[in-house]
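Next come the chains, spelled out residue by residue.
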Amino acid sequence: MQLPVVPELGVREVVQAAESYGLSSPELAGAAALGAIALLASLWLVVRWIRRPMGAKLKRALAKRDEVAVLMHPNPDPDAMACAIGVAHLASEVGTDATLQFAGQIRHQENRAFRTVLDLELEQIDHVSEVAAEDVILVDHNTPRGFEGAERLEPYAVVDHHPGNGTGEQFTDQRTDYGACATIVAEYLEDVGGTPVGPDDDANADGLTVPSEVSTGLLYGVQSDTKQLTSGCTDAEFRAAAYLYEGVDEDLLDRIANPQVSAEVLEVKSRAISGRDVRGSFAVSDVGRVNNADAVPQAADELLQLEGVTAVVVYGRRDETVHLSGRSRDDRVHMGKALETVAGDIPGASAGGHARMGGGQVPVEGAAYANGGEAAMWSQAELAEDVFAALNGDV
């Protein structure tokens, strides 16, 4: 069937028809114009809503709650603590009470100095019942861990730069390409118009200000997770550092960066070096029992400085848990994935991280079960072969 031919109307004819219609029905024309304006305004608001910066989205999510718990990963480092105080400051701007909490220990001298120098109020927890609020913000990790009942916790929001599948019910921002999580939080404050103020400046200026302690903490968080802006950086880290610079207290920064080192840390480093097992360019070292779990990653940092060594894993036992820490400058070794492989077949074990840095925890009983022995008979040395196999890709 042949369709009828519809004559084409030029633009001029359409405009003339609209003018004629408007003159004959001005009320309808006015209503149509108002409807068109309302539609355009609605579309503009929708686009603006979708394109809001992440800082504004988190601020709005925080404003919906009277109180939140900001939860750091176990044994929090400066990056995690910096994120926590940054999110807490953003929460305070919308009248939301924030309690900063963590599982594990703060024993690394750098971490202790960060907490002490910035006078941070942090609560340690061992059980999910001790979480301070129903709504939990996870920073610098995306899956709750390190305390009893952690698997039952459903986070309200997640801010992280590590790989993983954890998400928040209301808000998730996971940027695995970033070198530090503190970079993300610094961007949030900049997103909402925050102005860093120095230690001698007026913190009561108009608009949102970022206190010097927060700026200093965030900058140190960026520095510590990128080895002073030399490893794993993106341009975002340098932009964040430039943004925070005006509010930094150099005296506080120096005190955090140069803490005293305990005798145990030096001893664990010595044991890692003297007891190392080197095969090719890989080194593995069992440092035995430790009181301070944070001495293990420091020993790994030290061991990586040895000439000819490109990837290291150090592990030591505290109570009934073996703590593993790995470092790599070898493009053949993705340290996070290697340690994840080691822990994969051990009940209750967990591990992960980035290409250059990783860590994990292995319960002694789980390792004994995985190796077919009894807990009382298990030896940490049994991990060495699995670690070397993972570093060599023989898995």
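What you are looking at is a predicted structure, and each value in this text was computed from that prediction instead of being measured. Each chain has its residues counted from 1, running along the sequence as written. Only residues with pLDDT of 70 or above have their local features reported here, since the model is predicted, and side-chain atom pairs are shown and tallied only from 80 upward, although totals for entire chains, interfaces and linings are computed over all residues. Just so you know, side-chain values use all the structure's heavy atoms and leave hydrogens and water out.

J.: Any chance you could explain the pairing of strand S1 (residues 67-71) here in plain terms?
T.: Any residue under 20% of the maximum accessible area for its type is buried, any over 50% is exposed, and the rest in between are partly exposed; the area is computed with a 1.4 Å probe on protein chains only. Here a strand is any run of E in DSSP of at least two residues, a helix any run of H or I of at least four, and the numbering for each starts at the N terminus. For S1, a buried count of 4 out of 5 residues is recorded, marking the element as mostly surrounded by other parts of the structure. In this analysis, strands are considered paired if DSSP registers two or more bridges between them. In terms of strand pairing, S1 meets strand S2 (residues 97-102) through 5 bridges, oriented parallel. Bridge pairing links Leu71 to Gln101 in S2. One ladder, built from 3 bridges, connects S1 with strand S4 (residues 136-139); its direction is parallel. Within S4, the position partnered with Val70 by the bridge is Ile137.

J.: Looking at this structure, how should I read the packing of helix H10 (residues 263-274) against helix H11 (residues 295-303)?
T.: Between N-to-C directions, angles cover 0 to 180 degrees, with each direction set by a line fitted to C-alpha atoms, over the stretch in contact for helices. The geometry of H10 relative to H11 is characterised by a closest axis approach of 9 Å and an angle of 50° between their N-to-C directions. Compared by their axis directions, H10 and H11 come out oblique. As for the relative orientation of H10 and H11, their crossing is right-handed in sense. Only Ala295, Gln298, Ala299, Glu302 and Leu303 of H11 make contact with H10, whose side of the interface consists of Val265, Val268, Lys269, Ala272 and Ile273. Throughout, the ten residues Ala, Val, Leu, Ile, Met, Phe, Trp, Tyr, Cys and Pro are labelled nonpolar, Asp, Glu, Lys and Arg are labelled charged, and all others, Gly among them, are labelled polar. A breakdown of the residues in the contact of H10 with H11 according to their chemical character gives 7 nonpolar, 1 polar and 2 charged. Each angle gets one of four labels, with under 35 degrees taken as roughly parallel, over 145 as roughly antiparallel, 65 to 115 as roughly perpendicular, and the rest as oblique. Handedness of a crossing is defined here by the sense of rotation of the near helix relative to the far one, left-handed for an anticlockwise turn of less than a right angle and right-handed for a clockwise turn. Here, two residues are considered to be in contact whenever any of their heavy atoms come within 4.5 Å of each other.

J.: How do you make sense of helix H6 (residues 181-191) when you look at a structure like this?
T.: Residues spaced three or four apart along an α-helix point in a common direction, a consequence of the helix completing one turn every 3.6 residues. Most of H6 is tucked away: 9 of the 11 residues are buried. Listed in full, the buried residues belonging to H6 are Cys181, Ala182, Thr183, Ile184, Val185, Ala186, Glu187, Tyr188 and Leu189. Directly beyond the C-terminal end of H6, a positive phi value near 85° is found at Gly193.

J.: What should I look at first to understand the sheet that holds strand S9 (residues 277-279) in this one?
T.: The pairing of strands in a sheet comes from backbone hydrogen bonds and takes either a parallel or an antiparallel form. The sheet built from 6 strands is open, its strands ordered S9-S10-S11-S12-S14-S13 with mixed pairing. In this open sheet, the two strands that pair with only one neighbour each are S9 and strand S13 (350-353). Each strand of the sheet is rotated relative to its neighbour by a mean of 10°, with strand direction disregarded. Two elements, S13 and strand S14 (residues 357-363), share 4 bridges in a ladder whose sense is antiparallel. Opposite Ala351, over in S14, you have Gly360 as the bridge partner. This element, helix H14 (residues 382-391), spans S9, strand S10 (282-289), strand S11 (311-318) and strand S12 (321-328) of the sheet and lies at about 150° to S10.

J.: How should the nonpolar core be read in this particular structure?
T.: Generally speaking, a soluble globular protein has its nonpolar side chains buried in company with each other. Met72, Ile137 and Leu218 are the most contacted members of the largest nonpolar core, which has 56 residues in total. When residues of this core are assigned to their parent elements, the largest contribution, 10 residues, is made by helix H4 (residues 78-92). Once residues within four sequence positions are removed from consideration, Ile137 is found in contact with Leu62, Val68, Ala69, Val70, Leu71, Val87, Tyr156 and Ala157. Formed by 24 residues, the second largest nonpolar core is a distinct cluster that contains Val284, Val322, Ile346 and Val362. Put simply, a nonpolar core is a bunch of buried Ala, Val, Leu, Ile, Met, Phe, Trp, Tyr and Cys residues held in one set by side-chain atoms that sit within 4.5 Å of each other.

J.: Which parts of the structure should I look at to understand the environment of Arg279?
T.: Relative to the helices and strands, Arg279 is located in strand S9. On the basis of relative accessible area, Arg279 is assigned to the partly exposed category, the value being 35%. Each C-alpha atom, one on Arg279 and one on Phe388, is 8.2 Å from the other, the two residues being 109 residues apart in sequence. Residues within four places of Arg279 in sequence aside, it is in contact with Glu385 and Phe388. N or O atoms closer than or at 3.5 Å make up a polar contact, with two conditions inside protein: a donor-capable atom paired with an acceptor-capable one, and, for residues adjacent in sequence, both atoms drawn from side chains. Looking at Arg279, its side chain comes within polar contact range of the side chain of Asp277, at 3.1 Å.

J.: What exactly am I supposed to notice about the packing of aromatic side chains here?
T.: Each aromatic ring pair is summarised here by two numbers: the centre-to-centre distance and the angle between the ring planes. Between rings of Phe, Tyr and Trp, where Trp is taken as its six-membered ring, a pair exists when centres lie within 6.5 Å; planes separated by under 30 degrees are stacked, by over 60 edge-to-face, and by other angles tilted. Under the counting rule described, the total for this entry stands at 2 aromatic pairs. Aromatic pair Phe114 and Tyr220: ring centres 6.3 Å apart, planes at 45°, arrangement tilted. Residue Phe114 is located in helix H5 (residues 109-117), and its partner Tyr220 is located in helix H7 (residues 212-225); the two are separated by 106 residues in the primary sequence. Taken individually, Phe114 and Tyr220 each receive the classification buried, so the pair is uniform in this respect. Their ring planes at 75° and their centres at 6.1 Å tell us that Phe171 and Tyr188 sit as a pair that is edge-to-face.

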